[in-house]
Amino acid sequence: MLLPGLMVSQITGDEIPKAASDFLLSNIQIKTQPGDELIRADVHIVDGVIAEIGEDIQVKRGAKVIEGDELILYAAFISALSHLGQPEEEDDARRSAWRGPPGATPLEQSGLTPHMFASTDYDPGESDLKKYHQQGFGLVHSVPRGFVMPGKGSLYLLTDPADGKVNTLLKRETGLFAQFRNMRRVYPATPLATMSVWREVITDVRYQKDYWEKWNENPKGLSRPSVTELDKALFPVVSGEQPVFFHTGETRQALRAMNLANELNFKVVLANAGRLNDDFLAGLHQGIKILPNLDFPDKPDEEKEEEKGESEAEEREQDEESEEDPEEEKDELPAGMDKEEYEHLKERRKLAWEEQIMLSKKAHEQEALGGFSTLSVGSGDILSAVRLLHEKGMSEDELLEALTTLPAELFGMEGTIGKVKEGYQAHLVLFDGPFTGEDAKPTFLIVDGHLHDLRENDD
Amino acid sequence: MKNPTTAILLTTLVSLMSFQFLTAQVDFRSGDVLITGGNLLTVTNGDMEETDLLILDGKIAEIGTSLTAPDGVPTLDATGKYIMPGIVDAHSHIGLDAVNEATNPMTPEVAIADVINPFDIALYHALAGGVTVSHAMHGSANVIGGQNQTIKHRYGAMLPSDLIMEDARRTVKFALGENPIRVHGEGYNTVPNTRMGVETVIRQGFDNALAYREAWKEFYRKKEEGIVAAPPRYNQRKEVLLEILDGDILIHCHSYRADEIYMLMNVCRDYGIEEIIFQHVNEGFKVAPELAEFGAMASVFSDWWAFKFEVYYSTAYNTTILAQNDVITSVNSDSRALIRHLYLEAAKAQRYGQLSDNQTLELITINPAIQLGIDDRVGSLETGKDGDVVIFSGHPLSIYSIPEYTFVDGIMYFNRSEDPSDMRLVTDPEEEFESYMKLKSGRGDHDCLH
């Protein structure tokens, strides 16, 4: 028979037993931070904080104990840019609600909505959440979808939505997400006008902010400022408190964003960057961070052939294969193209592919890497993309930096997340081997004091 | 602007060409070259047979006979060939990612400099036609379009900024007649819907800009007196309109009909604008004396008309009539196809009107350079000017001649005997090669609506 008190608490949820918030990871291999050697120790987590790392830690009865064995403990991975949890775009999203003359479109209806937040409609689906978990991710920077200025990004912990999304929000406003993406039939319709809209809006907002501050200081005798919500949302951008995460897929877009930031004096992060050429990287302004896009193009045939050739060097010329290849080539040769030209084009295609793959490493060498963007990569393809980078020369430490400490720094939270150290928040992932291994899998994920056992979810 | 990376890139590109190898042992990409024994067509100082031309550090250093190359400077023998200044195309849309911000009848705030695409293969094709500089323009969808950008065809540069011609005069696109009327009046049911509306858009734009200036003057006057006042809303469009009114930005106006050409000269007089260049100006022959009196210039098609009503009444003698009435006239392409043989387009003025050789060459060299405000840099073979030269197999105005070498800033960007099949700067990592075959066929033309 249920006591009345307990019935009430069942309604309010106050007395519902919480998941265990006292964990001991016993005798586990720990990667405290990129660059450190692995150490083996106990890790005691209490109420979402790494309380102690040491030998033979004694814990209270009831604490959940996980044996370290061959598991490796890392800080949970952070996606530096994503649309996770954002509502899907309507099919006719590019069609503005505005029906008047395109040149008279109010800014909000032409894709300028900096006063919108990613947190407003954030609702990650179970399927995507699972995929992120199963690749070791515990945190995500989610930005709204949209056009020229979709709105402000929010930093989230990837916990079960049933636990309530308010508590999982680490930062409501990380910065402004911006794109060179236009609605139809409204001004701005091309990158031409997008550039001048930025110039006009930022310059105007500076004047308005100046007056707004003076009026707030002493409004006597002054007419009320005409600042709008749109203007106010840009105040932290013009003051430099918040950066602009500018979606820039390739060199020309990145240059436009960088030029705007320079002219108008705001901070910019080149987000979801695909191909940035060497000339651009050589001229990258000091302090600008790049978030490379992990949505890599398919490996071209010539790259696969090269790998195949390397891996089967000892088993040369099985009859089937030596017959297959010339046939394949004959089939692929387009009409009117000779073999020499074909080889040349394949070589160029391979170089183009490599240029995109090597961006992360080049950015890291220049200390311009800010993290990885998972904005356009499929939710289930993130770790395989990271592993491809490992295959192509990035070390595990460099990749771990991009997944943990660099984004922590980007969001100004380097003292609380991104490392496995005493006092840090306990957002952790346990892999059954080095995470760069092709078959390595995360077995447990701890986020915000919740343990996710990923072994049963193994497909 | 020399860019060592460009040289590295070109070398890398060429080394990729498995079926074309750089046979010359010398490097013509340093910005220094001695061209010997050619027939110089200087345009401003007459023709000079069998004369040498020395370019150092990207500038024409010396013109004379029996010149010797300083140490390390390569020599190119041009005996029997003709050398003229690099061709300047005063109306082009090549090398751009966008052409028309067609959503408002007035968009002077937008700038073509923001959307330059250095990877456009048309830039290389233009070099093959001897064109070294082009006026990359906004389209003609709007009455007042965007700010244009004069670019140098430094094909191989990997940054848009490397194509910008430093210190070139600022210009802006205007357009009269059917195009803005069709796009805005018919398309969006806004002003202008007639030629009257076109004029009104301009006058109203200027008047509003002048009122905006007064509002800011008032704000700053108060500020100086220590009075805190709400600032007017900053308006990029009006800021640029004021720069046009102040003469800081030169108007290049797409126009066809004599009545609208005349109208705009009157508007300019009313607002104190002293310089204007009309583009296309097919009916310019009807108002040639008026154009000359105003000091207006004209950039025309050689023989392109009847593609819409406002160009119905035209003549191939337009170029000559304008030139002979002392209107500084140039011939332009407005096309990624015609830019490849702009020298032949100009030559038509000899068939229709019998302009002299030099007058004809002026149409594509010094005259467009004057119209773009860059005649101190290009448009003739004179010491101190940029090393932009083209070497033709014969006289450029002969139907039998073709450009063989094209130099920009003393760097050889085109060499007909070493012209690889694949000169693309950027390729797609997921490229289907069938699309490459389409590109080879040379299709594609996006332009200003004409």
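Remember, predicted model here, so these are calculated numbers, not experimental data.

### A short note on the interface of chain A and chain B
Taken together, the contact between chain A and chain B spans 53 residues of the former and 60 residues of the latter. Connecting chain A to chain B are six salt bridges. Between Arg199 of chain A and Asp114 of chain B there is a salt bridge, with the nearest N and O atoms lying 2.7 Å from each other. Applying the counting criterion to the chain A and chain B interface returns 22 residue pairs in polar contact (both at pLDDT 80 or more). For the side of chain A that touches chain B, a count of residues per class yields 25 nonpolar, eleven polar and 17 charged.

### With respect to a negative patch on the surface
On the surface, a cluster of negative charge is made up of Asp295, Asp298 and Asp381 of chain A together with Asp428, Glu430, Glu432 and Glu434 of chain B. By the secondary structure assignment, Asp428 of chain B is in the loop between strand 17 (411–415) and helix 12 (433–440).

### Description of the sheet that holds strand 6 (residues 77–82) of chain A
The strands that make up a sheet are held in pairs by hydrogen bonds between backbone atoms, and each pair lies either parallel or antiparallel. All names here are of chain A. Spatial ordering of the open sheet is given by 6-7-9-10, a layout of four strands whose pairing is mixed. Because the sheet does not close on itself, it has two edges, and the strands there are strand 6 and strand 10 (169–171). For this sheet, the mean inter-axis angle between neighbouring strands, taken without regard to orientation, is 25°.

### Comments concerning the packing of helix 9 (residues 339–357) of chain A against helix 12 of chain B
Interaxial distance between helix 9 of chain A and helix 12 of chain B falls to 11 Å at its minimum, and their mutual angle equals 110°. With respect to each other, helix 9 of chain A and helix 12 of chain B are oriented roughly perpendicular. Where helix 9 of chain A crosses over helix 12 of chain B, the two elements pack in a sense that is right-handed. On helix 12 of chain B, the residues touching Glu341, Tyr342, Leu345, Lys346 and Arg349 of chain A of helix 9 of chain A are Phe433, Tyr436 and Lys440 of chain B. Here the residues of the contact of helix 9 of chain A with helix 12 of chain B are counted per class, giving four nonpolar, no polar and four charged.

### Considering the confidence of the model for chain B
A residue-level look at chain B finds 92% of positions with pLDDT of 70 or above and a mean pLDDT of 92. With pLDDT under 50 throughout, residues 14–24 of chain B is counted as low confidence; its partners more than four residues away or in other chains account for 21 contacts.

### Topic: the environment of Tyr413 of chain B
Topologically, Tyr413 of chain B is positioned in strand 17. Through-space distance from the C-alpha of Tyr413 of chain B to that of Met48 of chain B is 24 Å; in sequence the pair is 365 residues apart.

### Some remarks on the environment of Gly103 of chain A
Within the fold, Gly103 of chain A resides in the loop between strand 6 and helix 2 (126–133). By relative accessible area, which is 24% here, Gly103 of chain A ends up partly exposed. Considering only alpha carbons, one finds Gly103 of chain A and Glu306 of chain A, 203 residues apart in sequence, at a separation of 54 Å. Those residues in contact with Gly103 of chain A that sit more than four places away from it in its chain are Tyr187 of chain A together with Thr103 and Asn104 of chain B.

### Here we look at the pairing of strand 17 (residues 450–453) of chain A
Residue and element names in this part refer to chain A. Examined bridge by bridge, strand 16 (residues 442–447) and strand 17 share four bridges and lie antiparallel to one another. Bridge pairing in strand 17 places Phe444 opposite Asp453. Hairpin connection of strand 16 to strand 17: two residues between the antiparallel strands, including Asp448 at a positive phi of 50°.

### Digging into the side chain of Asp52 of chain B
Residues and elements named next belong to chain B. Among the structural elements, Asp52 can be located in strand 2 (residues 47–56). A distance of 2.9 Å separates the side chain of Asp52 from the backbone nitrogen of Gly37, its partner in a polar contact. A polar contact of 2.9 Å, which involves the side chain of Asp52, links it to the backbone nitrogen of Leu67. The residues contacting Asp52, other than those within four sequence positions of it, are Leu34, Ile35, Thr36, Gly37, Leu40, Glu62, Ile63, Gly64, Thr65, Ser66 and Leu67.

### So, the state of the cysteines
All names here are of chain B. A complete count under the given rule lists zero disulfides over all chains for this structure. Cys253 takes part in no disulfide bond, and the closest cysteine sulfur, belonging to Cys268, lies 8.3 Å away. Residue Cys268 is classed as buried on the basis of its relative accessible area of 1%.

### Points about the sheet that holds strand 11 (residues 250–255) of chain B
All names here are of chain B. Here six strands make up an open sheet; going across it, the order is 8-10-11-12-13-14 and the pairing mixed. The open sheet has two edge strands, strand 8 (144–147) and strand 14 (329–331), and neither has a second partner. If you compare each strand with its neighbour and ignore which way they point, the axes differ by 20° on average. Two strands pair when backbone bridges link them, and strand 10 (residues 171–175) and strand 11 are joined in this way by five bridges, in the parallel orientation. When the bridges of strand 11 are listed, Phe174 appears paired with Cys253.

### Some words on the packing of helix 4 (residues 195–224) of chain B against helix 6 (residues 258–271) of chain B
Residue and element names in this part refer to chain B. Packing of helix 4 against helix 6 leaves a shortest axis separation of 11 Å and a crossing angle of 15°. As the angle between them shows, helix 4 and helix 6 are arranged roughly parallel. For the pair helix 4 and helix 6, the sense of crossing is right-handed. Taken together, the residues of helix 6 that come into contact with helix 4 (itself represented by Arg195, Val198, Glu199, Ile202, Arg203, Phe206, Asp207 and Leu210) are Asp259, Glu260, Met263, Leu264, Asn266, Val267, Asp270 and Tyr271. Grouping the constituent residues of the contact of helix 4 with helix 6 by class yields eight nonpolar, one polar and seven charged.

### Thoughts on helix 5 (residues 251–264) of chain A
Residues and elements named next belong to chain A. With 14 residues, helix 5 should reach 20 Å at 1.5 Å per residue; the first-to-last C-alpha distance of 20 Å fits that figure. The buried count for helix 5 comes to eleven of 14 residues, which makes it a mostly enclosed element. Turning to helix 5, the residues buried within the fold contact helix 3 (191–217), strand 12 (244–247), strand 13 (268–273) and helix 6 (278–282). Just downstream of helix 5 lies Asn265, where phi reads positive at about 60°.

Conventions used here
- Residues numbered from 1 in each chain as written.
- Chains lettered and ligands numbered in written order.
- Predicted model: local features only at pLDDT ≥ 70, side-chain atom pairs only at ≥ 80, totals over all residues.
- Heavy atoms only, no water.
- Contact = heavy atoms within 4.5 Å.
- Salt bridge = Lys/Arg side-chain N within 4 Å of Asp/Glu carboxyl O.
- Polar contact = N/O pair within 3.5 Å; in protein donor to acceptor, adjacent residues only side chain to side chain.
- Nonpolar A, V, L, I, M, F, W, Y, C, P; charged D, E, K, R; others polar.
- Patch = residues over 30% accessible without salt bridge, like charges linked within 9 Å, V, L, I, M, F, W, Y side chains within 5 Å.
- Areas by Shrake-Rupley, 256 points an atom, 1.4 Å probe, with all protein chains shown as cover.
- Lys, Arg positive; Asp, Glu negative; His and termini not counted.
- Charge placed at Lys NZ, Arg CZ, Asp CG, Glu CD.
- Helix = DSSP H or I, 4+ residues; strand = E, 2+ residues; numbered from the N terminus.
- Pairing = 2+ DSSP bridges.
- Axes fitted to C-alpha atoms, helices over the stretch in contact; angles between N-to-C directions.
- Parallel < 35°, antiparallel > 145°, perpendicular 65-115°, else oblique.
- Left-handed = near helix turned anticlockwise from the far one by under 90°.
- pLDDT = per-residue confidence, 0-100.
- Buried < 20%, exposed > 50% of the residue type's maximum accessible area, 1.4 Å probe, protein only.
- Disulfide = S-S within 2.5 Å.
- Expected span 1.5 Å × (residues − 1).

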